[in-house]
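Architecture and fold: a report
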Amino acid sequence: MKYFLGITDIEQAKLHYRKLAKQLHPDKGGTDVDFQEMQTEYKEFLLSLQQEQEVVTPTRKTTSIEKELINEMSKLAKVLIKKQVPQNYLRLKMQTSESTLKKTLLSQVIDILNEL
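The rules behind each value
In every chain, residue numbers begin from 1 and rise along the written sequence. Note on the predicted model: pLDDT of at least 70 is required for a residue's local features to be given, and 80 or more for side-chain atom pairs to be given and counted; whole-chain, interface and lining totals, by contrast, use all residues. The basis for every side-chain value is the complete set of heavy atoms in the structure, and neither hydrogens nor water enter the calculation. Helix and strand assignments come from DSSP, with helices taken as H or I runs of at least 4 residues and strands as E runs of at least 2, each series counted from the N terminus. Burial classes follow relative accessibility: with a 1.4 Å probe on protein chains only, a residue under 20% of its type's maximum area counts as buried, one over 50% as exposed, and anything between as partly exposed. Whenever a helix is involved, its axis is fitted only over the stretch in contact; in every case the axis is a line through C-alpha atoms, and angles between N-to-C directions fall within 0 to 180 degrees. Here is the rule for angles: anything less than 35 degrees is roughly parallel, anything more than 145 is roughly antiparallel, 65 through 115 is roughly perpendicular, and the remaining ranges are oblique. We call two residues in contact when some of their heavy atoms are within 4.5 Å. Side-chain classes are defined by residue name, with Ala, Val, Leu, Ile, Met, Phe, Trp, Tyr, Cys and Pro counting as nonpolar, Asp, Glu, Lys and Arg as charged, and the others, Gly among them, as polar. Between rings of Phe, Tyr and Trp, where Trp is taken as its six-membered ring, a pair exists when centres lie within 6.5 Å; planes separated by under 30 degrees are stacked, by over 60 edge-to-face, and by other angles tilted. One side-chain nitrogen of Lys or Arg within 4 Å of one carboxyl oxygen of Asp or Glu is enough to make a salt bridge. Take the residue count of a helix, subtract one, and multiply by 1.5 Å to get its expected span. We define a polar contact as two N or O atoms separated by no more than 3.5 Å, with the added condition that, inside protein, one atom must be a possible hydrogen donor and the other a possible acceptor, whereas residues neighbouring each other in sequence contribute only through side-chain atom pairs.

One non-glycine residue with positive phi stands out, namely glutamine 84, at about 70°. With respect to the helices and strands, the residue glutamine 84 is situated in the loop between helix H3 (64-82) and helix H4 (85-96). By relative accessible area, glutamine 84 is classed as partly exposed at 25%.

Moving on: the packing of helix H1 (residues 10-24) against helix H2 (residues 32-53). Where H1 contacts H2, the axes come no closer than 11 Å and their chain directions differ by 175°. It follows from the interaxial angle that H1 and H2 lie roughly antiparallel. When H1 is examined against H2, the residues Ile10, Ala13, Lys14, Tyr17, Leu20, Ala21 and Leu24 are found in contact with a partner set consisting of Asp34, Phe35, Met38, Gln39, Tyr42, Phe45, Leu46, Leu49, Gln50 and Gln53. Tallied by class, the residues present in the contact of H1 with H2 amount to 12 nonpolar, 3 polar and 2 charged.

Moving on to the packing of aromatic side chains. Each aromatic ring pair is described using two quantities: the centre-to-centre distance and the angle formed by the ring planes. Within this structure, the stated rule accounts for 3 aromatic pairs. Relative to tyrosine 42, the ring of phenylalanine 4 has its centre 5.5 Å away and its plane inclined at 35°; by these criteria the two rings are tilted. With phenylalanine 4 in the segment before H1 and tyrosine 42 in helix H2, this pair connects stretches of sequence that are 38 residues apart. Among the residues examined, phenylalanine 4 registers a relative accessible area of 0% and is labelled buried. Accessibility expressed as a relative area gives 12% for tyrosine 42, which makes it buried. Through successive ring pairs, a cluster of aromatic residues spans Phe4, Tyr17, Tyr42 and Phe45.

Looking at the secondary structure, you find leucine 20 in helix H1. A C-alpha to C-alpha distance of 9.9 Å links leucine 20 and glycine 30, two positions 10 residues apart in sequence. Aside from chain neighbours lying at most four places away, what touches leucine 20 is Tyr3, Phe4, His25 and Met38.

Under the counting rule described, the total for this entry stands at 3 salt bridges. The closest approach of N and O atoms between lysine 2 and glutamate 37, which form a salt bridge, is 3.1 Å. Note that lysine 2 is positioned in the segment before H1 and glutamate 37 in helix H2, a separation of 35 residues in sequence. Assessed through its relative accessible area of 36%, glutamate 37 is described here as partly exposed. Close ionic contact of lysine 75 with glutamate 72 constitutes a salt bridge, the shortest N to O distance being 3.5 Å. Placement of the pair is lysine 75 and glutamate 72 together in helix H3, with a separation of 3 residues, close to one helical turn.

Turning next to H1. It helps to recall that an α-helix has 3.6 residues per turn; residues three or four apart then point in one direction. Over its 15 residues, H1 extends 20 Å from the first C-alpha to the last, a length consistent with the 21 Å expected when each residue adds 1.5 Å. Looking at the buried positions of H1, the neighbouring elements they touch are H2. Of the residues flanking the start of H1, the one acting as N-cap is aspartate 9, its side-chain oxygen 3.1 Å from the backbone nitrogen of glutamate 11.

Encoded structure:
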């Protein structure tokens, strides 16, 4: 690595790239070869940083309190759907929308909720 040695994160890399681009751009006195070399290194460096950040961390177990909360939220959602609360809200949105596509989508969501 020639241009991004010592850079450790994406934000630093972006800032350093801007600085280098101003120095190496052919319109600023740099050469095509140096500028293209720096751009290639930048792209490869960003890819390697992104791959490092995408490493999957082990999932932790859900605690009993979290499971209980999820169960209670699920029950609440079912009650709200049965009482037509979200459907009524979506119907109001449908009435105020001028978009035919939006009205159609909202109508379909209402139908799905009614089937639950």
